[in-house]
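# Structural overview for review
These are the residues of each chain, in order.
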Amino acid sequence: MTLLSIQTIFYYLAAASVASALLGVTRKNPVHSMLWVLALFLHVAGIFLLLGAEFLAAVQVIVYAGAILIFYLFVVMLLDLSGELTRPRFGRHWPFAALAGLSFVALAWFSRFVDSVDGRLASTEAVATGIPESSTDAGALQGSVAEIGKALFGPFALPFEMASLVLLAAIVGAVVLARKRIVGP
Amino acid sequence: MIVPMSVVLGLSAVLFGIGLFGFLARRNIILMFVSIEVMLNAVNLSLAGFSWHLGDPRGQILALFVIAVAAAEAGIGLGLVIALNRNKPGAGVADLTQLKW
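Treat the numbers as computed from the prediction; the structure is a model and nothing was measured. (Residues numbered from 1 in each chain as written. Chains lettered and ligands numbered in written order. Predicted model: local features only at pLDDT ≥ 70, side-chain atom pairs only at ≥ 80, totals over all residues. Heavy atoms only, no water.)

## Some remarks on the overall build of chain A
Counting secondary structure elements, chain A contains 7 helices and 0 strands. Traced from its N-terminal end to its C-terminal end, chain A shows the element sequence α-α-α-α-α-α-α. Per-residue burial for chain A yields a buried fraction of 36% across its 185 residues. Within chain A, residue pairs in contact and separated by at least 24 positions form 58% of the contacts whose partners lie at least 6 positions apart. In the form shown here, chain A has an accessible surface area of approximately 10,900 Å², with 74% of it arising from carbon and sulfur atoms. (Helix = DSSP H or I, 4+ residues; strand = E, 2+ residues; numbered from the N terminus. Buried < 20%, exposed > 50% of the residue type's maximum accessible area, 1.4 Å probe, protein only. Contact = heavy atoms within 4.5 Å. Areas by Shrake-Rupley, 256 points an atom, 1.4 Å probe, with all protein chains shown as cover.)

Structure below.
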């Protein structure tokens, strides 16, 4: 595929993810919000694919879109949220929230020009980590799934096991919190 | 390099800002959690972007751990929502004022 069409795909995915994120946080019906956020997750998975993170894209689709969001949808449908449609969706303080979001975006937007991320960061990091700068070209992460596997079971084995403990604690906590307490004598 | 790194970072910043706005403005606790997920996705996007830019898989590994923690957070958070819903129907944060006084 030519570079131009890949860029077109990237800008489509970027625009669609911004639009679906905006719709996701502003829709009144919680189920509609969830479906827009699902669209956001799938578009972000596409961006991950373009960025050479195939494994991350697969995890994004399977875990985020397939498990976490469906879990949210189940809880939305489990609760009776019909009152949600008649009440205001935002608190009265929403202009301040919009200001906070916009000022964060402005801060990040301007700070990314301060150090000229495209040029200097790459060279300084390459010196700091010993990665040759030629590896920053697209396609540098050829076979990134194998690399991720080696890193996960090599230097990151301890954090990987800790993640399983965190998930176990979350499972136990969720069961303890959500189970129905039987009031006995 | 298909797009400049700054474009990826700008997209990540915009998504994070949208998530921040949603978290601060929404009154429904479930949609506040979903806004947190939007913010975590924005962070994952910039991690994957840096990983691609620097040719280093460690960014992707950090993003994987972020996803694992997001799953744990979703489980605990929604368990709390169900427990709260047993005391007081609905999911509005404005109703949860028992700890206020």
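## Quick notes on the packing of aromatic side chains
According to the stated counting rule, one finds 6 aromatic pairs over all chains in the structure shown. For the ring pair Phe10(A) and Tyr11(A), a centre distance of 5.6 Å and an interplane angle of 85° mean the geometry is edge-to-face. A residue is classified by how much of its surface remains accessible, and Tyr11(A), at 41% relative accessible area, is partly exposed. Taken together, the aromatic side chains of Phe90(A), Trp94(A) and Phe21(B) make up a single cluster linked through ring pairs. (Phe/Tyr/Trp six-rings, centres within 6.5 Å; stacked < 30°, edge-to-face > 60°.)

## Considering the interface of chain A and chain B
Taken residue by residue, the interface counts 90 residues in chain A and 73 residues in chain B. At the boundary of chain A with chain B, total buried surface from both sides reaches about 7,200 Å², with 76% on carbon and sulfur atoms. Where chain A meets chain B, there are 8 residue pairs in polar contact (both at pLDDT 80 or more). The set of elements that each furnish at least two residues to the side of chain A that touches chain B consists of α1 (3-26), α2 (30-50), α3 (54-78), α4 (94-114), α5 (117-129), α6 (144-153) and α7 (157-178) of chain A. Its residues assigned to classes, the side of chain A that touches chain B shows 63 nonpolar, 15 polar and 12 charged. (Buried area = accessible area lost by both parts, 1.4 Å probe. Polar contact = N/O pair within 3.5 Å; in protein donor to acceptor, adjacent residues only side chain to side chain. Nonpolar A, V, L, I, M, F, W, Y, C, P; charged D, E, K, R; others polar.)

## Overview of the packing of α7(A) against helix α3 (residues 58-87) of chain B
One can describe the packing of α7(A) onto α3(B) by two numbers: an axis separation of 8 Å at closest approach and a directional angle of 10°. As the angle between them shows, α7(A) and α3(B) are arranged roughly parallel. Facing Pro159(A), Phe160(A), Ala163(A), Val166(A), Leu167(A), Ala170(A), Gly173(A), Ala174(A), Leu177(A) and Ala178(A) of α7(A), the residues of α3(B) in contact are Phe65(B), Ala68(B), Ala71(B), Ala72(B), Gly75(B), Ile76(B), Gly79(B), Leu80(B), Ile82(B), Ala83(B) and Arg86(B). (Axes fitted to C-alpha atoms, helices over the stretch in contact; angles between N-to-C directions. Parallel < 35°, antiparallel > 145°, perpendicular 65-115°, else oblique.)

## Considerations on the environment of Met39(B)
Position of Met39(B) relative to the elements: it lies in helix α2 (residues 29-54). Remark: the alpha-carbon pair of Met39(B) and Phe23(B), spanning 16 residues in sequence, is separated by 9.2 Å.

## With respect to the layout of surface pockets
The computed volume of the largest pocket comes to approximately 240 Å³. Among the elements of the structure, α3 and α7 of chain A together with α3 of chain B are those that each provide at least two residues to the lining of the largest pocket. The dominant element in the lining of the largest pocket, judged by the number of residues it contributes, is α3(B), at 5 residues. A per-class count over the lining of the largest pocket returns 12 nonpolar, 1 polar and no charged. The two domains that each donate at least three residues to the lining of the largest pocket are domain 1 (1-92) and domain 2 (142-185) of chain A. (1 Å grid on protein atoms, 1.4 Å probe; cavity = no way out; pocket = protein on both sides within 12 Å on 5 of 7 lines; lining within 4 Å. Points joined across faces, edges and corners; volume = space filled by probe spheres on them. Domains from an automatic or database assignment.)

## A short note on the environment of Pro4(B)
Along the chain, Pro4(B) falls in the segment before α1 (5-25). Each C-alpha atom of the pair Pro4(B) and His53(B) lies 9.2 Å from the other, and the pair is 49 residues apart in sequence.

## What about the side chain of Asn28(B)?
In this structure, Asn28(B) sits in the loop between α1 and α2. On the accessibility criterion, Asn28(B) (1% relative accessible area) is buried. For Asn28(B), the side chain forms a polar contact with the main-chain nitrogen of Ile30(B), separated by 2.9 Å. Sequence-distant contacts of Asn28(B), defined by excluding residues within four places in its chain, comprise Pro30(A), Leu81(A), Glu84(A) and Ala91(B).

## Side note on the pattern of salt bridges
Once their charged atoms are close, side chains differing in charge can pair, the charge on each being opposite to the other. Residues and elements named next belong to chain B. For the structure on display, the rule yields 1 salt bridge over all chains. Across the salt bridge formed by Asp-56 and Arg-58, the nearest N and O atoms sit 2.5 Å from each other. In this structure Asp-56 comes out as buried when scored by relative accessible area, which is 12%. By relative accessible area, which is 43% here, Arg-58 ends up partly exposed. (Salt bridge = Lys/Arg side-chain N within 4 Å of Asp/Glu carboxyl O.)

## What about the confidence of the model for chain A?
Residue and element names in this part refer to chain A. On average, residues of chain A score 81 in pLDDT, and 81% of them are at 70 or above. Averaged over each element, pLDDT in chain A is lowest for α5 (49) and highest for α2 (93). Predicted confidence is poor over residues 122-140, with pLDDT under 50, and the contacts of this stretch with residues over four places away or in other chains come to 21 contacts. (pLDDT = per-residue confidence, 0-100.)

## Describing α7(A)
Given 3.6 residues to a turn, an α-helix orients residues that are three or four positions apart in the same direction. Given a rise of 1.5 Å per residue, 22 residues ought to cover 32 Å, and the 32 Å separating the end C-alpha atoms of α7(A) matches this to within 8%. All buried positions along α7(A) are accounted for by Ala163(A), Ala170(A), Gly173(A) and Ala174(A). One side of α7(A) carries all its buried residues, which in axial view fall inside an arc of 100°. Those residues of α7(A) that are exposed and aimed more than 90 degrees away from the buried face are Leu158(A), Leu165(A), Ile171(A) and Val175(A). Buried residues belonging to α7(A) abut α3 of chain B. (Expected span 1.5 Å × (residues − 1). Arc of directions from axis to C-beta.)

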